[in-house]
Amino acid sequence: MKKRILAMMLAGAMAVSLAGCGTYQNSGTSDTKAAETTTAAQEASGGETSTTASQEAEEQVSQDFTMAYNGIVTLNPIMSQSSNDMNVFYLTQIQLVRYYGDQILCDAAESYEMSDDATVYTFHLRDGLKWSDGQDLTAKDFEYGAYCLLNPDMGSPAANSWFSIKNASAYNSKEVTDWADVGVKALDDRTLEITMEHPLNTFDKTIAVKGFYPLRQDFVEQVGSDKIGSSVDTMLYSGPYVITDWVLESSMELKKNDLYWDSENSFPTENLHFVEVEDANTKVAMFESGEVDAIEQVSSQYFDHLSDYLYTYNGGGFMFLWMNQNGTSEEAGKLMSNINFRKALSYGFNRNATVAAVNKMKKPASRLVDSNFVGPNGGKFVDEYPVNSAPLDGDVDAAKEFLAKAMEELGYTDVSELPQLSLVTWDAAEQKLLLETIVDQWKQNLGLTNIQLNQYVIGTAIGTFYSLDYDIFCITWETDVLPTDIMESMMTGGECNYGIWSNPEFDELVKQAVLEVDPVKQAELTAKAEQIFVDDAGIVSIFEGSNTSAVQPYVEGFQMSAISNGYQFNHMVVKK
């Protein structure tokens, strides 16, 4: 299964104009809160602070936080391509820059600049950066981290995430054999220069979202690149926390890393306890009993029950209907190739009602651009650049007109004559309810009785997706860093377009948008491409992805985001 196909959406990204980094502001640490409490106590007692008041101020902040988490796949940064892993990397590894909420903050890099032609990024590292074993962390470690990702002999499945770097793709495919020709260079211990394959004014966002982690060559060679991250003893840490204990598919213990450069001013909670619990009922019972302070992902069946504790963020990807224009039969291929039939399907169901019935925390959508993306004027891209797409409430009259046109063009006189179509997805209860609801609306609104829902175990379903053994397929896909990223995936021959849809004008607009460095022109090209995509209805959006957590009221500063992966506990304080 490729990285972008996720049943759970935790990744995504936002496009904003290149600017200087923000810095961490310690607005919620235990010291700050204790000081506020102490001041209030002094005022109440005429300037004198009692021992009891001081003790209460200290006792109100706990140094421990426990969460039922989704677990990880691997903690080898070379081999990882899971958003679950990257949530933990956010806590354990330093990055050049990192997201906190919707803001890019400098981390290892004290500052950075982009060349006027948007082809060279220069990162200036902070002085005194350290690994968890006390050794110095330098720009050379970031260069070696890139080398490990791109070295074909190490086999990183995430290598293509970095092909915007000069000669990265060629090195990974062995067309270029000298690492010196690749555009990642440590100019000295504190200066890292990265040269792009083509002009790109958003590479800092790629780094912040995907993680550009340092690796120390002597340690990797000692442990082995395939063994890195296989246990607590085969990891070095450079981020806010170190892992002290880890049992795969069970639990993970993290302790604050005092050698992290901003340890005093960020990540105030000393100890993090993560437990992996599969059963949804058990998670809720542990939450209600106080055994856990948060549940990373709450099952939709408990949304009403835990309504006072929910923390939801939308974005990071879409649930799509893929319309296979090849079809599972010659007749099905002709039907699915008809644009009016595809538009009839898109307009013929009510996204708002469907999503509300299945999972009200999702955000109905009929576009391609994630609602989190920011436009060139600072507002939401979807607001600055609206498109004409299927109404979220559906439009039955328009759908009937599209269907009538399709039948006339194909020579059918009655819907009963239409060929059977196979609608495929994986065997999850929520997917079943979602698609049964849509199929029922197609039947009620358009009289279509020829669409059969087929659910398979997820491995079989994914195999069916790649082999094109379906007429319609329902599955999620990440939106990545920029609007143009997902559009590149949808192009002819793109990462997720296996010949089911092709539009030369769309392809050309996306190519131009990718290379454009002027934000306004880039947005205009992107909007034109999106309109073509929506008009053609070759791949149809249902809703944006989301994640809903449950968080106890005594936890302040809990944050996760669809803009980027990561347990963003930069200012999280536990008061109990």
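All of these numbers come straight from a predicted model, not from anything done at the bench.

Each value, and the rule that gives it
- Residues numbered from 1 in each chain as written.
- Predicted model: local features only at pLDDT ≥ 70, side-chain atom pairs only at ≥ 80, totals over all residues.
- Heavy atoms only, no water.
- Helix = DSSP H or I, 4+ residues; strand = E, 2+ residues; numbered from the N terminus.
- Buried < 20%, exposed > 50% of the residue type's maximum accessible area, 1.4 Å probe, protein only.
- Areas by Shrake-Rupley, 256 points an atom, 1.4 Å probe, with all protein chains shown as cover.
- Pairing = 2+ DSSP bridges.
- Salt bridge = Lys/Arg side-chain N within 4 Å of Asp/Glu carboxyl O.
- Axes fitted to C-alpha atoms, helices over the stretch in contact; angles between N-to-C directions.
- Contact = heavy atoms within 4.5 Å.
- Core = buried A, V, L, I, M, F, W, Y, C linked by side-chain atoms within 4.5 Å.
- Parallel < 35°, antiparallel > 145°, perpendicular 65-115°, else oblique.
- Left-handed = near helix turned anticlockwise from the far one by under 90°.
- Nonpolar A, V, L, I, M, F, W, Y, C, P; charged D, E, K, R; others polar.
- Phe/Tyr/Trp six-rings, centres within 6.5 Å; stacked < 30°, edge-to-face > 60°.
- Lys NZ or Arg CZ within 6 Å of the ring centre and 35° of its normal.
- pLDDT = per-residue confidence, 0-100.
- Right-handed = clockwise from strand over helix to strand, strands pointing away.

**Student:** Summarise the overall build of the protein chain; cite the residues concerned and give the values.
**Tutor:** Of the regular secondary structure elements, the protein chain holds 18 helices and 19 strands. Looking at the protein chain as a whole, 59% of its 576 residues qualify as buried. For the protein chain, the exposed area adds up to about 22,600 Å²; of that, 46% sits on carbon and sulfur atoms.

**Student:** Break down the pairing of strand β6 (residues 184-188) for me, citing the residues and quoting the values.
**Tutor:** Of the pairings in the sheet, the one linking β6 to strand β7 (residues 191-195) comprises 4 bridges and is antiparallel in character. Following the sheet pairing, V184 is matched in β7 by I194. Linking two consecutive strands that pair antiparallel, namely β6 and β7, is a turn of 2 residues.

**Student:** Could you give me a rundown of unusual backbone geometry, with the residues and numbers involved?
**Tutor:** In the Ramachandran plot, A118 falls in the positive-phi region, its phi being about 60° despite a non-glycine side chain. Looking at the secondary structure, you find A118 in the loop between β4 (109-114) and β5 (120-125). Taking the relative accessible area as the measure of exposure, A118 reaches 2% and is therefore buried.

**Student:** Outline helix α16 (residues 483-490), listing residues and values.
**Tutor:** The element α16 is largely enclosed, with a buried count of 7 among its 8 residues. Residues of α16 that are buried: P483, T484, D485, I486, M487, S489 and M490.

**Student:** Kindly report on the pattern of salt bridges, identifying the contributing residues and their values.
**Tutor:** Under the criterion given, the structure shown has 18 salt bridges. For D218, the salt bridge is made with R216, and the minimal N-O distance between the two is 2.8 Å. Between E330 and K334 there is a salt bridge whose closest N-O contact spans 3.7 Å. In this pair, E330 and K334 are both assigned in helix α9 (residues 330-336), 4 residues apart and thus about one turn of the helix distant. Comparing E330 with K334 shows no difference in burial state: the two are exposed. Counted as one network, the salt bridges with shared partners bring together D133, R216 and D218.

**Student:** Give me the lowdown on the sheet that holds β7, citing residues and values where you can.
**Tutor:** Paired through backbone hydrogen bonds, the strands of a sheet run either parallel or antiparallel to each other. Taken in spatial order, the 4 strands line up as β4-β5-β7-β6 in an open sheet, and their pairing is antiparallel. Each edge of the open sheet is held by one strand with a lone partner, namely β4 and β6. On average, adjacent strands in this sheet sit at an angle of 20° to one another, irrespective of strand direction. Packing against the sheet, helix α4 (residues 139-150) makes contact with β5, β6 and β7, and its axis sits at approximately 165° to β6. Taken strand by strand, helix α6 (residues 203-210) contacts β4, β5 and β7, and its axis lies near 55° from that of β5.

**Student:** Tell me about the nonpolar core, and name the residues and values.
**Tutor:** When a protein is soluble and globular, its nonpolar side chains tend to lie buried together. Counting 87 residues, the largest nonpolar core has F65, F123, I165, F212, M252, F274 and F558 as its most contacted members. Of all the elements, α4 adds the most residues to this core, at 7 residues. In this structure F274 touches M67, Y69, L91, S250, S251, M252, L254, Y567 and F569, once residues within four positions along its chain are discounted.

**Student:** Residues and numbers for the packing of helix α17 (residues 504-515) against helix α18 (residues 519-536), please.
**Tutor:** Taken N-terminus to C-terminus, the directions of α17 and α18 make an angle of 160°; their axes are 9 Å apart at the nearest point. With respect to each other, α17 and α18 are oriented roughly antiparallel. Viewed along their axes, α17 and α18 form a crossing whose handedness is left-handed. In this structure, α17 uses E505, F506, L509, V510, Q512, A513 and V514 to contact α18, whose residues at the interface are Q522, L525, T526, K528, A529, I532 and F533. Split by residue class, the contact of α17 with α18 holds 9 nonpolar, 3 polar and 2 charged.

**Student:** Go over the packing of aromatic side chains with me, naming the residues and quoting the values.
**Tutor:** Taken as a whole, this structure holds 40 aromatic pairs when the rule is applied. Between Y147 and Y171, the aromatic rings sit 6.5 Å apart at their centres with planes inclined by 50°, giving tilted as the arrangement. Of the two residues, Y147 is situated in helix α4 and Y171 in helix α5 (residues 168-172); the sequence distance between them amounts to 24 residues. Its relative accessible area of 24% is what places Y147 among the partly exposed residues. Here the aromatic residues F318, F320, W322, F465, Y466, Y470, F473, W477 and Y498 are joined through ring pairs into a cluster of three or more. Of note, R98 hangs over the ring of Y90, and the distance from its end group to the ring centre comes to 4.4 Å.

**Student:** Outline the environment of K343, listing residues and values.
**Tutor:** Along the chain, the position of K343 falls in helix α10 (residues 339-347). For K343, a relative accessible area of 15% gives the class buried. The spacing of K343 and A390 is 47 residues in sequence and 8.3 Å in space, taken between C-alpha atoms. In this view, K343 contacts F402, D535 and A537; residues no more than four positions away in its chain are not counted.

**Student:** Lay out the confidence of the model for the protein chain in plain terms, naming residues and giving numbers.
**Tutor:** Taken residue by residue, the protein chain gives an average pLDDT of 89. The fraction at 70 or more is 90%. Predicted confidence is poor over residues 1-20, with pLDDT under 50, and the contacts of this stretch with residues over four places away or in other chains come to 96 contacts. This stretch, residues 22-58, has a pLDDT under 50; its non-local contacts, to residues over four places away or in other chains, come to 43 contacts.

**Student:** Report on the pairing of strand β15 (residues 451-456), specifying residues and quantitative values.
**Tutor:** Direction of pairing for strand β14 (residues 421-426) relative to β15: parallel, over a ladder of 6 bridges. Each bridged residue has a counterpart across the sheet, and for L423 the counterpart in β15 is L453. For the crossover that starts at β14, traverses helix α14 (residues 429-446) and ends in the parallel β15, the hand is right-handed.

**Student:** Account for the side chain of N271, with residues named and values stated.
**Tutor:** Considering the arrangement of structural elements, one finds N271 in strand β10 (residues 271-276). What makes N271 buried here is its relative accessible area of 18%. What N271 contacts, discounting residues up to four positions off in sequence, is Q63, D64, F65, L254 and K255.

**Student:** Describe the environment of V457, with residues and values.
**Tutor:** With respect to the secondary-structure elements, V457 resides in the loop between β15 and α15 (458-467). You can call V457 partly exposed: its relative accessible area is 48%. Sequence-wise, V457 and T425 are 32 residues apart; in three dimensions their C-alpha atoms are separated by 8.7 Å.

**Student:** Now, about the side chain of D536: what can you tell me, with residues and values included?
**Tutor:** Tracing the chain through its elements places D536 in helix α18. According to the relative accessible area criterion, D536 is buried, its value standing at 15%. Beyond its immediate stretch of four places on either side in the chain, D536 contacts I339, R342, W501 and N503.

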